[in-house]
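Listed here are the chains, written in short residue letters.
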Amino acid sequence: MDFHLSTYFASFDAEKEPETSLGDVEVKVEEITAVLTPNPEGVSFNHELFEEVLDLVHGFKALEIRHQKQLTYMIGSSFQVICRLTSERLDSGDVSDYIESTRDLLEKYGYLVFVLLRILSKVDHSKGQGKGTKNTEAGQKWNDNCEMVLSLLVGVERVLELKLSMVFQTTPELDLFVELFSRPINGLMESPERMKKEEIRHCMFRSLALAVKRQGHANYVKHGIIQNLTYYAHLPPLMAELCNMIACDYDYMVLTEEVLREVSQAQFNANDNNGPRAISDFLVRLSEVGPRVILKQLSCISQLLDNSNYTLRCAVIETCGNVAVDLIIREQQDEAEWDEKHGNEHIHKLLDLLEARTLDQNPFARSKAFQAIGKVLDKEINLSTRRIQLMRITVRSTDDRSTLVRRNAMKLMSKLIKTHSFGQFEGKLNLDDWLERLTTMADKFNERETERSAVLKKKLKQKEEENQEEDPDQMEIDENENEKEKDDDNEEDDDEDSTDAIQREIDNSVLEQEQESQIDGDLAEYYRAKFEVNYYYDAVAFIKLTHEGTESATRLLFSRNRNEVLDAMDFLVLADSYGIQNAEEGVRRMLHLVWMKGSNDEGKSIPAHLIDCYRILFLTAPPELSAIEKATFITKNLINLCCKASIADLASLEKLIGLMYKDNLINFHVVSVLWQIYRFRDETESPHGLKQRYGAIILLGMLGLEDYTVIEKGVESILSIGLGEIGIHNLNICKYSCIALQRIVCDPGKNPIRSSTMFEIPKQKEIILELKRVLILYHDSSEWYSVAEQAIAAIFVVAPNPDSICSEILKVKTNQVFKELLSEQQEIGLSQLLFMVGHTSIKTVVYLEKLEGLFKKKKHDSEASKHTKETKESELAMIGGTSEDDFADVIIHVKEKELLFGENSLLGRYGQMVIEICTNVETYKSVKLQRSATLCLVKLMCISSVFCDNNLELLLSILHNSEDPIIRCNCILGLGDMAVCFNNLVDENTESLYGRLTDDNIMVQRTCLMTVTFLILAGQVKVKGQLSSMAKCLENPDQGISDMCRLFFTELASKDNAIYNGFIDIFSGLSTDESLSKDAMKRIVKFLILFITKEKQQKQLAEKLLVRLNKCQSQTQWDDVAFVLNNIPYKNDLINQAIEGGYKMVLARSE
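Looking at an unreviewed UniProt entry, one finds the protein chain named Condensin complex subunit 1 and attributed to Scheffersomyces spartinae. Under the UniProt heading Sequence similarities (unreviewed entry), the entry covering the protein chain gives this text: "Belongs to the CND1 (condensin subunit 1) family."

What follows is the structure, given as structure tokens:
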């Protein structure tokens, strides 16, 4: 049977099993190898030999692996020999006599290689392709398969390098022969794991490129590329590499251009995601490896920007960014083919396109646009004319509704700041400095312009005068007069006149040249000044935009997205390093993130990143400094941070300082410098010195919270400075010195009770004496109250018997107020006394509760430990015989009966005084006294339920009638505490508490909202119909109250369907509230509906409202209910019919 390539090619099926028996394979393989090794051309004239080889190849799957490798090597090496012989014949030009035999050899070996490649590509070695399978049997089979494929592909590459058109005279014959290799190569590329083999991949790509370049096989390869893009997810990036190889390495651009044109015209089903994704991967990868190929077809590719699929738009955007980056690189490298005019034009057109895509309707596309612009900015390119526009677009997008867009906008802002071109002031962007310089330069320019205008006017006037002198009529008159006057002139005079005229012309010419030279110099100076003014103007405009971006980043610090918070923090750190002024506010607000829990997708926690940011900002000293100089540098930064912080900032800073101290970012050198600053005595006591001492003691107190030894080292300094004359004259220093003393105990968070029998406190008696002196001392400053609060707290920490010490202090203070002070001082003294009474009472209760906790802990430890030491047995003997309930009952009895109602109760006597002052407001008109009395009353009411019940009506009366907002705030806070202590007493009077939400004073409203928020979220009060009052706060004109209320409902939504359960009551209260506008009511309702996300709840709520809709008695009621129904996602036919029918139908039904 003769060999016809087309017949064999068409009939071959790689999946089909061989029909004939192979017999003794070993013998056949050896015989064939013996014949073909010396003479590969034997298959051409020995038909039986070829048939045997063909049988072995067709039955290749049935062979053992060693026979497969032997057969593959024999055919591959023979094929390479035939290719070499054919190449020699073609190069010699003597090919006419060998065309038939050469073609027969190539077809037979080509078919054999085709069959082997097809079979090898179909063999399933998936079990040998994973990790850890290299040494397994499956892994070895996979490696053998790849080796056999590679040995055959080498021969394929060799044959495609030949001038095959000289052997195959017709195009169909040539195409059929080349397809013997291109088809199995496409089959081999279907395996993702095989394409990871770099050597095999490159060999296949070179073969296809040769088929295109030398054999005219471009059409088949193009269709293969399109097919691979459509059906195989792993091939699009690889097809991009293939196209780039064919276009660049083999100088055949036509194929890639045709592929790009076909890709740009592709249409996809709306539900098809794989197709657009494949095209996107292809375009992006091609733009990375061959951006110049993309540039030539960019007009076609840009058509995809009109496609509804955002994936394609994202790919085009990223492609444009990669092309722009390549153009910039070419410009910087000064390549020979670089056309500066057209190149810059291309760059700016691409940037225009990217800027336009920042307004794409899809957030992913907008994000890609910012990422692409960021890639461009990574290259050092002059964008002075576009930088302000880019910053304006970026700042606008920081308010985008998409988190992803906002994050990328912030990253682009960072790059714009890092690459800004304003080099004055060492690259800092301090707005005040630039504005000052702009004003100076503008004034100079205006002066220069005024002078230039004056010179130009003078020149213009001179020119007009010269024109008038040269007027023809005037010249004629002058000539006639001269003729009459010069009738007697001789010829010598005429010669002299002509000589003088020539000299004057020469002088005028020189003068004009000098004037023109001066004018040119002035003009250059003028344009230089104008350029400088424009430079500073652009800088100021850029800095103002960075201020807007910094404000946006500050707002995003408290975003729900953790990654966005981290990006905002990084941007603020960068902005602060560049001297952007309002970045300081953002850095300050960053402090509060120390309380935020959770981490981002990469596991980075917010507090940990905050520590890194503050380490960069405040704890990183120049490396050339010594250890002491570095500590001084860090101390100065931290003190400045403390002095500018509010009370809330200090609370967060305290937590942050503790974390940084744990991480050893604050060492003992810093502590030593802080104590030195605190101890330093300045004879003049300048404000700067006081400020430094103030910041130092605050920081020391913060560090003492983590390490009590920090405070122990400086007790003497605290006694002599903070509680001495300096502290008395500067009460803030005294207050924070008292706070520092509270941290002198070991681990105060876990073991807050400190007694001399348990711990050795240095200079304990001296500390108590100085604290007593501070409390007894009369001071008319309002700051004394905060000092007294901390001093009393310090006594309860340091003293072994704080109750008796405080009793002694109260007695001395009372004697001082009523016997020693002048009449005009008694009012302030009495206010201070009542404040001390109230705070002492609260601290006494806390002290008792801590004793109870300590008892329970010892009880638990004694029961858990069976082998205690003898020294502890006697100490715990009494405890072992007392139950926890008995001890708790004793504590309750002391609070209820002894503290305020005991026979020897000191606080009880003060209680009667407080009630007298609060009751007789007209008699005791002092505002300070009333504030202290009310605060004391509130604190005493928190001790005993009996005292609370007796005076609750008085407190509510004060809340309603007092004109002082501070008193009303104290009453609200007191009611909140009483709701926790004695819930049954306050629960009946919560209406009075909710009523303060509409107080005339913003401070009272905010205090009430915070108190009610805590009580509701903590479950201390039952929510009845008051949630509508809370909901009204969403529309409060004060932004702080509105934001706090939004946070309240967000938290409430996470607690047992609370919003769903109370929605009807909230809606009823809002719809009947005449003080609330309908637009405000609708905004509140829309906000609350967002929290009802369960479909079942939406359905039940809609059904309830539908019943109400049918019972509405007015158009207004019907409109309100219909509005809610329209905003609930759940709909059914009954609801739609009721809404479409309108109020008239309801009215008709009711009639």
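> Help me out: how do you make sense of the overall build of the protein chain in this one?
Helix and strand counts for the protein chain stand at 55 helices and 0 strands. Split into buried and exposed, the 1151 residues of the protein chain put 48% on the buried side. Restricting to contacts in the protein chain with at least 6 residues of sequence separation, those with at least 24 account for 72%.

> I would appreciate a short explanation of the nonpolar core in the present structure.
In a soluble, globular protein the nonpolar side chains are often hidden away together inside. One finds Phe282 and Phe1049 to be the most contacted residues of the largest nonpolar core, which totals 354 residues. With 12 residues, helix α6 (residues 99-122) is the largest single contributor of residues to this core. Other than its neighbours up to four places away in sequence, phenylalanine 1049 contacts Leu1027, Met1030, Ala1031, Leu1034, Ile1059, Ile1066, Phe1087, Leu1088 and Phe1091.

> Looking at this structure, I do not really get the environment of proline 184. What am I missing?
By the element assignment, proline 184 lies in helix α8 (residues 171-188). Its relative accessible area of 0% is what places proline 184 among the buried residues. Along the sequence, proline 184 and valine 115 sit 69 residues apart, while their C-alpha atoms lie 8.4 Å from each other. Not counting residues within four places of it along the chain, the set of residues in contact with proline 184 comprises Phe114, Leu117, Arg118 and Glu179.

> What's the story with the pattern of salt bridges in this structure? I'm lost.
Should their charged atoms come close, side chains of opposite charge can pair. Inspection of the entire model under this criterion finds 44 salt bridges. Across the pair arginine 66 and glutamate 26 runs a salt bridge, and its minimum N-O distance is 2.9 Å. With a gap of 40 residues between them, arginine 66 in helix α5 (residues 65-92) and glutamate 26 in helix α2 (residues 25-36) connect regions that are remote in the sequence. Members of the salt-bridge network, linked through shared partners, are Glu26, Glu64 and Arg66.

> In this structure, what is going on with the confidence of the model for the protein chain? I would like to understand it.
Detailed conclusions should not be drawn from predicted coordinates in areas where pLDDT is low. When the pLDDT values of the protein chain are averaged, the result is 84; 87% of them are 70 or greater. Ignoring residues within four places in sequence, the model shows residues 748-757, a span with pLDDT below 50, making 23 contacts including any to other chains.

> What's the story with a nonpolar patch on the surface in this structure? I'm lost.
Together, Tyr310, Phe364 and Leu404 make up a nonpolar patch on the protein surface, roughly 260 Å² of accessible area in all. As for its placement among the helices and strands, tyrosine 310 is situated in helix α17 (residues 310-333).

> Even after reading the chapter, I still don't get the packing of helix α52 (residues 1078-1089) against helix α54 (residues 1115-1127), so can you show me in this structure?
For any two helices packed against each other, the geometry comes down to the angle between their axes and how far apart the axes lie. The contact between α52 and α54 brings their axes to 10 Å, and the two run at 30°. Classified by the angle their axes make, α52 and α54 are roughly parallel. In terms of crossing hand, the pair formed by α52 and α54 is right-handed. The residues of α54 that touch α52, namely those facing Lys1078, Met1081, Lys1082, Val1085, Lys1086 and Ile1089, are Thr1116, Asp1120, Phe1123, Val1124 and Asn1127. Looking at the contact of α52 with α54 residue by residue, the classes come out as 5 nonpolar, 2 polar and 4 charged.

> Please clarify how the packing of aromatic side chains should be interpreted in this entry.
Any two aromatic rings considered together are summarised by their centre-to-centre distance and by the angle between their planes. Within the structure shown, the criterion is met by 26 aromatic pairs. With a centroid separation of 6.5 Å and an interplanar angle of 85°, the aromatic rings of phenylalanine 12 and tyrosine 111 are classed as edge-to-face. Here tyrosine 111 lies in helix α6 and phenylalanine 12 lies in the loop between α1 (5-11) and α2, a separation of 99 residues in the sequence. By relative accessible area, phenylalanine 12 is classed as buried at 17%.

> In this structure, what is going on with helix α43 (residues 927-941)? I would like to understand it.
For an α-helix, 3.6 residues make a turn, and residues three or four places apart therefore share a direction. The terminal C-alpha atoms of α43, which comprises 15 residues, lie 21 Å apart, in line with the 21 Å expected from a rise of 1.5 Å per residue. Along α43, 12 of the 15 residues are buried, which leaves the element largely enclosed by surrounding structure. Inspection of α43 places Leu929, Gln930, Ser932, Ala933, Thr934, Leu935, Cys936, Leu937, Val938, Lys939, Leu940 and Met941 among the buried residues, and these make up the whole buried set. The inward-facing, buried residues of α43 abut α37 (784-798), α39 (823-864), α42 (906-919), α44 (945-961) and α45 (965-981). Capping the start of α43 is the job of one residue whose side-chain oxygen sits 3.3 Å from the backbone nitrogen of leucine 929: serine 926.

> Is there a simple way to think about α6 in this case?
The terminal C-alpha atoms of α6, which comprises 24 residues, lie 34 Å apart, in line with the 34 Å expected from a rise of 1.5 Å per residue. The element α6 is largely enclosed, with a buried count of 21 among its 24 residues.

> Any chance you could explain unusual backbone geometry here in plain terms?
For residues other than glycine, phi is negative in most cases, and the peptide bonds are mostly trans. Phi is positive for glutamate 426, close to 60°, though the residue is something other than glycine. The residue glutamate 426 is located in the loop between α21 (403-418) and α22 (431-469) in this model. You can call glutamate 426 exposed: its relative accessible area is 77%. Phi is positive for asparagine 664, close to 60°, though the residue is something other than glycine.

> Is there a simple way to explain the side chain of glutamine 68 in this structure?
Inspection of the secondary structure assignment puts glutamine 68 in helix α5. Not counting the four nearest positions on each side in its chain, glutamine 68 is found in contact with Phe60, Lys61, Leu63 and Met148.

> Help me out: how do you make sense of the side chain of threonine 1011 in this one?
With respect to the helices and strands, threonine 1011 occurs in helix α48 (residues 1002-1017). Judged by relative accessible area, which is 8%, threonine 1011 ranks as buried. Ignoring anything within four residues of it in the chain, the contact list for threonine 1011 reads Ile972, Leu973 and Gly976.

> Explain the state of the cysteines here, please?
Disulfide: a covalent bond connecting the sulfur atoms of a pair of cysteines. Counted under the stated rule, the structure contains 0 disulfides. Here cysteine 942 stays free of any disulfide, with the sulfur of cysteine 981 as its closest cysteine sulfur at 5.0 Å. Residue classification places cysteine 942 among the buried residues on the basis of a relative accessible area of 11%.

> Got a minute to help me understand the environment of phenylalanine 9 in this structure?
Its location among the elements puts phenylalanine 9 in helix α1. Each C-alpha atom, one on phenylalanine 9 and one on phenylalanine 177, is 9.6 Å from the other, the two residues being 168 residues apart in sequence. With sequence-adjacent residues up to four places away left out, phenylalanine 9 is seen in contact with Tyr111, Phe114, Leu176, Glu179, Leu180 and Arg183.

> Any chance you could explain the packing of helix α26 (residues 583-590) against helix α27 (residues 606-618) here in plain terms?
With their axes 11 Å apart at the nearest point, α26 and α27 run at an angle of 135° to one another. The angle between α26 and α27 falls in the class oblique. Relative to α27, α26 is oriented so that their crossing is left-handed. For the pair α26 and α27, the contacting residues are Val587, Arg588 and Met590 in the first and Leu610, Cys613, Tyr614, Leu617 and Phe618 in the second.

> Help me understand the environment of glycine 1069 in this model?
Along the chain, glycine 1069 turns up in helix α51 (residues 1058-1071). With relative accessibility at 24%, the residue glycine 1069 sits in the partly exposed group. Each C-alpha atom of the pair glycine 1069 and alanine 1031 lies 9.5 Å from the other, and the pair is 38 residues apart in sequence.

About the criteria used
- Residues numbered from 1 in each chain as written.
- Predicted model: local features only at pLDDT ≥ 70, side-chain atom pairs only at ≥ 80, totals over all residues.
- Heavy atoms only, no water.
- UniProt positions renumbered as here; feature names shortened; annotations may be inferred.
- Helix = DSSP H or I, 4+ residues; strand = E, 2+ residues; numbered from the N terminus.
- Buried < 20%, exposed > 50% of the residue type's maximum accessible area, 1.4 Å probe, protein only.
- Contact = heavy atoms within 4.5 Å.
- Core = buried A, V, L, I, M, F, W, Y, C linked by side-chain atoms within 4.5 Å.
- Salt bridge = Lys/Arg side-chain N within 4 Å of Asp/Glu carboxyl O.
- pLDDT = per-residue confidence, 0-100.
- Patch = residues over 30% accessible without salt bridge, like charges linked within 9 Å, V, L, I, M, F, W, Y side chains within 5 Å.
- Areas by Shrake-Rupley, 256 points an atom, 1.4 Å probe, with all protein chains shown as cover.
- Axes fitted to C-alpha atoms, helices over the stretch in contact; angles between N-to-C directions.
- Parallel < 35°, antiparallel > 145°, perpendicular 65-115°, else oblique.
- Left-handed = near helix turned anticlockwise from the far one by under 90°.
- Nonpolar A, V, L, I, M, F, W, Y, C, P; charged D, E, K, R; others polar.
- Phe/Tyr/Trp six-rings, centres within 6.5 Å; stacked < 30°, edge-to-face > 60°.
- Expected span 1.5 Å × (residues − 1).
- Polar contact = N/O pair within 3.5 Å; in protein donor to acceptor, adjacent residues only side chain to side chain.
- Disulfide = S-S within 2.5 Å.

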